[in-house]
Amino acid sequence: MYMSQFIKITSLIFSFCASIIYSRAQQKDLVDFKTIEAHIQLDTINQKVFGKIDVLFTPLKNTNQVYLDAQKMETVTPIKDAKVEYKDNKIWLKGDFKANTAYSFSFNYSTTPKKALYFWGWDAKNIDPNSPNHKQIWTQGQGKYTSNWLPSIDDMNDKIIFTLKIDFNTDYQVISNGSLIHKTTTNTTTTWVYQMQQPMSSYLVALAIGKYLKKEEKSASGVPLENYIYSDRITDYESTFNYHKKVFDFLETEIGIPYPWKIYRQVPVRDFLYAGMENTACTLFSDDFIVDTNTFDDQNFVNVSAHELAHQWFGNIITETDSNHHWLHEGFATYFALLAEKELFGEDHFYYKLYESAEQLNHQSDLQKGKALVTPKGSSLTYYQHGAWAIVALRNNIGDAHFKKVVQQFLTTHQYKNVTTYDFLSIVFEVTGKDTSEFAKKWLHNTTFPAGEALKIITQSEVMKRYLQLAGERTQPLIGKYQLLSDALDFPVNPYLGQEVVAQLQGDFSKEALLLLEKAFESNQPQVLQALANSLTTIPKAFEPKMALLLKADSYATVEGALYNLWNNFEAKKMNYLQATKNLIGFNDKNIRTLWLVLALNTPGFSTTDRTRFFNELNSYTAPNHHYRLRSKAFEYLKLLQSYSDQSLQNLALGATHPNWRFKKNCSTTLKALYANEKYTQRINRLSATFPNKVKQLLTTD
Ligand SMILES: [Zn+2]
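What counts, and where the lines are drawn
- Residues numbered from 1 in each chain as written.
- Predicted model: local features only at pLDDT ≥ 70, side-chain atom pairs only at ≥ 80, totals over all residues.
- Heavy atoms only, no water.
- Helix = DSSP H or I, 4+ residues; strand = E, 2+ residues; numbered from the N terminus.
- Contact = heavy atoms within 4.5 Å.
- Core = buried A, V, L, I, M, F, W, Y, C linked by side-chain atoms within 4.5 Å.
- Buried < 20%, exposed > 50% of the residue type's maximum accessible area, 1.4 Å probe, protein only.
- Axes fitted to C-alpha atoms, helices over the stretch in contact; angles between N-to-C directions.
- Parallel < 35°, antiparallel > 145°, perpendicular 65-115°, else oblique.
- Left-handed = near helix turned anticlockwise from the far one by under 90°.
- Nonpolar A, V, L, I, M, F, W, Y, C, P; charged D, E, K, R; others polar.
- Lys, Arg positive; Asp, Glu negative; His and termini not counted.
- Salt bridge = Lys/Arg side-chain N within 4 Å of Asp/Glu carboxyl O.
- Polar contact = N/O pair within 3.5 Å; in protein donor to acceptor, adjacent residues only side chain to side chain.
- Pairing = 2+ DSSP bridges.
- Domains from an automatic or database assignment.
- Buried area = accessible area lost by both parts, 1.4 Å probe.

Participant: I tried to follow the environment of H627 on my own but got confused; where do I start?
Facilitator: As for its placement among the helices and strands, H627 is situated in the loop between α22 (608-620) and α23 (628-641). The contacts of H627, once residues within four sequence positions are left out, are D271, S286, D287 and D288.

In structure tokens:
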């Protein structure tokens, strides 16, 4: 999975590990499940799944029962005379099973999944019938258990070859793992058959259904690359996927093992729980990463896309035995994504990102909250950033040639199997002949981040040396560091140095500071301009025209900062700034438009009709047909305005049941706070008849 700069994900995924380990110890030594073929129908009205399963397994010991995990099934019916029993969220297959003999079982099942498979927009009110991305079904296996909709094995240690046959309305695309081996249409129903050739853990099974356009490219090695996009976002195809083929070719060469699956798909889905998920050969990602050209420099799909692709090796062909070794997935995926970015965006970007994560890890260490890397309960900072750092340090220690050999040998020795940190270290020893205990102690088991070694690596970059010298002056008065700051703004301005200078000038309006601000504006470096737009909360009058020009910048983050600060600083010109930006929308979360509405509502001079229109528009963005990030923003602004329409209060209640835990939490906290406020209690009581039952209960509990 992936966390990004603008979608922070915490890793709650592994909290159930203790129980997994226990049950695994019993079943994985007893039986090897070989194949699962599922024929699935989806009832979108009742949000139910109906399936038929054919399963093939080989007991490793004589036994009279084995099980498949199957969370909260409603019916389980054996086919023919199969002895099948459903008990304790498991489907027990019974018989007189002999070791090393193949057995097959068939049964039907039905369930209404509460998680792992999600129906979107099939019953929601306020739907936008013109939005092609409105109605979707998608799955998330990791952390949620695929067995909520598809009886399988929750334990990662039994890898299975899956075939999924899905019947669905012909107007939609059905997408899953593996090769599409059949597609047949009868009347209004199409049957899609997707087949894997190699085994994988059940958490990597994926299903996505929606209305998509598909574009196909081919990697240099001939792997079909299928990218999906909504028809109303086709103009953003290039800016979303433009580097994908290049990254694919780069990673295949860099990792040195051919891409292990037959095809690779990337499918955007709405309101996804994470940034992306590396289902085998079928990555699902948040449609927030469909970006236009103006968004690209601020937010793009490159890192997430490279990260999920790297998992196709690290995580999908080799898989951790348990969460202690989770860094072998996330550390490698984060590291290789960073290498891909280095290839595209250069060394400065690479070292700056390493520096940023070292800062975070070091800070955590300073607070005595550091974690060892080999742990079942790491945060995403641990598994992803610390994990990537351990790999950077290892490569720095053993050299490029040995490192590449280690990666290749690790992947080929353990392909389609499960691995531990020990397996990895053994390969390092085999390849290099070097004792790994010092490395393991320092980077894998130490709760203190090895900041000194990290610093040595970061300062291999000349730019980072200059950056750190500059950052070292943060607390010094301007008079002594003027020349250093001025030099950092010499053409061509490095964005990291330039931004650091602007940050150090904040709140300083001396003659020297104004000279440097002037130089910063004149650099015309987009990131430096963005820093100016956002950090000049007090704008010296002489800079008003220069700041007003930033309302025409390409970057939506720059425009947002400039608009807010200008509006706040120059009372008489408020209307001019609003006129200049009245047609701008911004990122997918409409950052400029929503800010504009709030500022307009607080600017004298608009008619009552206009003001009502603005208020209604802002409220409309809280509706469930919008992405939860836009809804969050709209709720935040309404909170600031202390003004909610009935509709937005109802939408807040719907938000309190959203599968994204953070959005859900924000909505429920806000709703409860409003309910406690006398001004809203009666209104909420009146509206609560329309609230979901869970939310009604929430209001009456503390
Ligand atoms: Zn990941």
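Continuing now.
Participant: Hey, could you run me through the nonpolar core in this one?
Facilitator: Counting residues in each nonpolar core, the largest one holds 218 residues, and the members touching the most others are L42, F336 and W389. For W389, the contacting residues outside a window of four places in its chain are L354, S357, A358, L361, W443, F449, A454, I457 and I458. Formed by five residues, the second largest nonpolar core is a distinct cluster that contains A557, V559, F587 and I592.

Participant: Is there a simple way to explain the packing of helix α14 (residues 478-488) against helix α15 (residues 495-505) in this structure?
Facilitator: For any two helices packed against each other, one specifies the inter-axial angle together with the distance between the axes. Following both chains from N to C, one finds α14 and α15 inclined at 150°, their axes separated by 9 Å at the closest point. As judged from the angle between their axes, α14 and α15 are roughly antiparallel. Here α14 and α15 pass one another in a crossing that is left-handed. Mapping the contact onto sequence places L478, K481, L485 and A488 in α14 and L497, V501, Q504 and L505 in α15. Residues that form the contact of α14 with α15 fall into these classes: six nonpolar, one polar and one charged.

Participant: Looking at this structure, how should I read the side chain of D167?
Facilitator: Along the chain, the position of D167 falls in strand β10 (residues 161-169). With no salt bridge to any partner, buried D167 finds its closest opposite charge in K165, at an N-O distance of 6.4 Å. A polar contact of 2.6 Å, which involves the side chain of D167, links it to the side chain of Q41. Of the polar contacts made by the side chain of D167, one reaches the side chain of T191; its length is 2.7 Å. Contacts of D167, omitting those with residues within four sequence positions, involve H39, I40, Q41, L42, T189, T190 and T191.

Participant: Explain the sheet that holds strand β5 (residues 84-87) here, please?
Facilitator: Pairing between sheet strands relies on hydrogen bonds along the backbone, with the strands arranged either parallel or antiparallel. The strand order across the open sheet formed by three strands is β3-β6-β5, and the pairing between neighbours is antiparallel. The sheet is open, and its two edges are formed by β3 (63-69) and β5, each paired on a single side. On average, each strand axis in the sheet is inclined to that of its neighbour by 30°, with strand direction left out of account. Sheet topology places β5 next to strand β6 (residues 90-97); four bridges connect them, and they run antiparallel. Across the sheet, the residue bridging to E85 is W92, located in β6.

Participant: Sorry if this is basic, but what is going on with the domain arrangement of the protein chain here?
Facilitator: A common way to state how big an interface is: give the accessible area lost once the parts meet. If you check the domain split of the protein chain, you get domain 1 (27-311), domain 2 (318-460) and domain 3 (585-702). Summarising the inter-unit geometry, the C-alpha centres of domain 1 and domain 2 are found 29 Å apart. Domain 1 puts 26 residues into the contact, and the matching count from domain 2 is 29 residues. With both chains or domains summed, domain 1 and domain 2 bury close to 2,300 Å², and 64% of this area falls on carbon and sulfur atoms.

Participant: How should the pattern of salt bridges be read in this particular structure?
Facilitator: A pair can form between side chains of opposite charge whenever their charged atoms are brought close. In total, this model carries 27 salt bridges according to the counting rule given. For D490, the salt bridge goes to K519, with nearest N and O atoms at 2.7 Å. Here D490, found in the loop between α14 and α15, pairs with K519, found in helix α16 (residues 511-523); they are 29 residues apart in sequence, far enough to count as distant. If you follow the salt bridges from partner to partner, you end up with E254, R395, D400 and K404 in one network.

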